[in-house]
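Here's the letter readout for the chains.
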Amino acid sequence: MHDAVWLNANLATMTAHGAIVDGALAVTQGRISWSGPRSGWKDKARAEHDARGAWILPGFVDCHTHLVYAGNRAHEFELRLKGASYEDIAKAGGGIVSTVRATRAASETDLLAVAQKRLNQWLAEGTAVIEVKSGYGLDRDTELKMLRTARRLKGLTVRTTFLGAHAVPEEFKGCADAYIDYVCDEVLPAAAKEKLVDAVDAFCERIAFTRDQTARVFSAAKRLALPVKLHADQLSDLGGAALAAKYGALSADHLEHASEQGVDAMARAHTLAVLLPGAFYFLRETRLPPIAALRRANVPVALATDHNPGSSPLSSPLLAMNMACTLFHLTPDEALAGFTVNAARALGMQATHGTLETGNAADFALWEVESPAELAYAIGANPCIGIVRGGNSGQRP
Ligand SMILES: [Zn+2]
């Protein structure tokens, strides 16, 4: 006897089974306990739901966000529209550093309130898992405050990533190496000791940290047995993709300037690509990520919003999928995989999320669309009509 079953549903399983028209999906004790064609459903369930022809997809997984921060950077948006570049603003003390000031000043209660409110958009679009990075504290107490705040977010599963090596804070200006020592010797161990870290990230870029500095952060993560991932080759080719691969990273993210050799190294290391069309769009970048090389090398591609106040104030997985298709020429199927099965893999969560496989968490959403491709096609619509978390139906926020 199953706890509940959804009948009259179409299933986008995101597995080798593909799409199942007129399917059935059952849940028991918070897990998917049966999924397949309705004609094969012979069991019984305590509760029976009529999905009325809706499509059921696994809950979305947003595998790269900077959701927890205070303030916003609408003013810099105005400056950029008057001609300043992202790098100009960073060099003039704006950018990440201005968000750091606001985040350090905010209380944990206030940070949680604004982040929880922001999260409503993801919940309304059927998101089951969100990754949230630190990186606007750049000191021990604020980095831990951000990670604790992220862990307190309600409504979905949260994965926290330590991004102490996001930018050099003002008090370490001109002393990036000393700051990396502080991150590796003091901040990261303190965060790991409080069990606030699921993975460790860094920003390897001309305006942030060198390959050597990034490698030191990765070595510190390895000493603590924590997986790594990287902001790699976004604005220039610093060999970030190959560096991520060398350390067996879960993912290398952005990748606009990644080389073919970097992509091949990722393939050999089973490092996933995470593409972030929101930042590409918002910064009006023109260099496309190496999509053809990623396809040729069979590197799975995940997508994410990269939500952050400076370069990607994007709160919509649906819009990110549309952008990935229009800007990066992904197919709707690739975009959907990017926010489900591949995103779960990018977080090391493929055993519980990203597909409608039996045994996975019963975290899924019902969509009033004729085909799943509509989710990547429409701009600004949200046809989500039901959300199930741990087997329990809920309302869209
Ligand atoms: Zn990012």
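Here, the structure is the one placed above.
Everything numeric in this text was worked out from a predicted model, so none of it was measured.

Asks: Give me unusual backbone geometry: which residues, what numbers.
Replies: Phi at Asp22 is positive, roughly 55 degrees, even though this residue is not glycine. With a phi close to 55 degrees, His270 is a non-glycine residue in the positive phi region. By the element assignment, His270 lies in the loop between helix 9 (260-269) and strand 12 (272-275).

Asks: Quick rundown of the pattern of salt bridges? Include the residues and the values.
Replies: Enumeration over the complete set of coordinates arrives at 19 salt bridges. Between Arg101 and Glu170 there is a salt bridge, and its shortest N-O distance comes to 3.3 Å. Taken together, the residues Arg101 in helix 3 (residues 96-105) and Glu170 in the loop between strand 8 (157-165) and helix 6 (176-193) connect sequence positions 69 residues apart. Across the salt bridge formed by Arg104 and Asp139, the nearest N and O atoms sit 3.3 Å from each other. With a gap of 35 residues between them, Arg104 in helix 3 and Asp139 in the loop between strand 7 (127-133) and helix 5 (140-151) connect regions that are remote in the sequence. Residue class for Arg104 comes out partly exposed when judged on its relative accessible area of 28%. On the basis of relative accessible area, Asp139 is assigned to the buried category, the value being 19%. Connected through salt bridges with shared partners, the residues Glu108, Arg148, Arg152 and Glu194 form a single ionic network.

Asks: How would you summarise empty space enclosed by the protein if you had to cite specific residues and measurements?
Replies: Summed over the entire model, instances satisfying the criterion amount to two cavities of 30 Å³ or more. Estimates place the volume of the largest cavity at around 100 Å³. For the largest cavity, the lining is made up of 14 residues, of which His66, Tyr86, His166, Asn308 and Ser311 are closest to its centre. Here the second largest cavity defines a volume of roughly 50 Å³. Taken together, Arg73, Glu76, Phe77, Arg80, Tyr86, Ile89, Phe282 and Gly310 make up the lining of the second largest cavity. Of all the secondary structure elements, the ones that give two or more residues to the lining of the second largest cavity are helix 1 (74-81) and helix 2 (86-91). In terms of residue count, helix 1 provides more of the lining of the second largest cavity than any other element does, three residues in total.

Asks: So what about the packing of helix 4 (residues 108-124) against helix 5? Which residues, and what values?
Replies: One way to put it is that helix 4 packs onto helix 5 with a least axis distance of 9 Å and a crossing angle of 45 degrees. Accordingly, the angle class assigned to the pair helix 4 and helix 5 is oblique. Crossing handedness for the pair helix 4 and helix 5: right-handed. Touching Glu108, Leu111 and Leu112 of helix 4 are Lys145, Arg148 and Thr149, all from helix 5.

Asks: Lay out the sheet that holds strand 10 (residues 230-232) in plain terms, naming residues and giving numbers.
Replies: With parallel pairing, the eight strands of this open sheet are ordered in space as 6-7-8-9-10-11-12-13. The open sheet has two free edges, formed respectively by strand 6 (60-62) and strand 13 (301-303), since each of these has just one partner strand. Across the sheet, the axes of successive neighbouring strands diverge by a mean angle of 25 degrees, strand direction being ignored. The pairing of strand 9 (residues 199-204) with strand 10 spans two bridges and is classified as parallel. Within strand 10, the position partnered with Phe203 by the bridge is His231. Lying on the sheet, helix 5 is in contact with strand 7 and strand 8; it crosses strand 8 at an angle near 170 degrees.

Thresholds applied
- Residues numbered from 1 in each chain as written.
- Predicted model: local features only at pLDDT ≥ 70, side-chain atom pairs only at ≥ 80, totals over all residues.
- Heavy atoms only, no water.
- Helix = DSSP H or I, 4+ residues; strand = E, 2+ residues; numbered from the N terminus.
- Salt bridge = Lys/Arg side-chain N within 4 Å of Asp/Glu carboxyl O.
- Buried < 20%, exposed > 50% of the residue type's maximum accessible area, 1.4 Å probe, protein only.
- 1 Å grid on protein atoms, 1.4 Å probe; cavity = no way out; pocket = protein on both sides within 12 Å on 5 of 7 lines; lining within 4 Å.
- Points joined across faces, edges and corners; volume = space filled by probe spheres on them.
- Axes fitted to C-alpha atoms, helices over the stretch in contact; angles between N-to-C directions.
- Parallel < 35°, antiparallel > 145°, perpendicular 65-115°, else oblique.
- Left-handed = near helix turned anticlockwise from the far one by under 90°.
- Contact = heavy atoms within 4.5 Å.
- Pairing = 2+ DSSP bridges.

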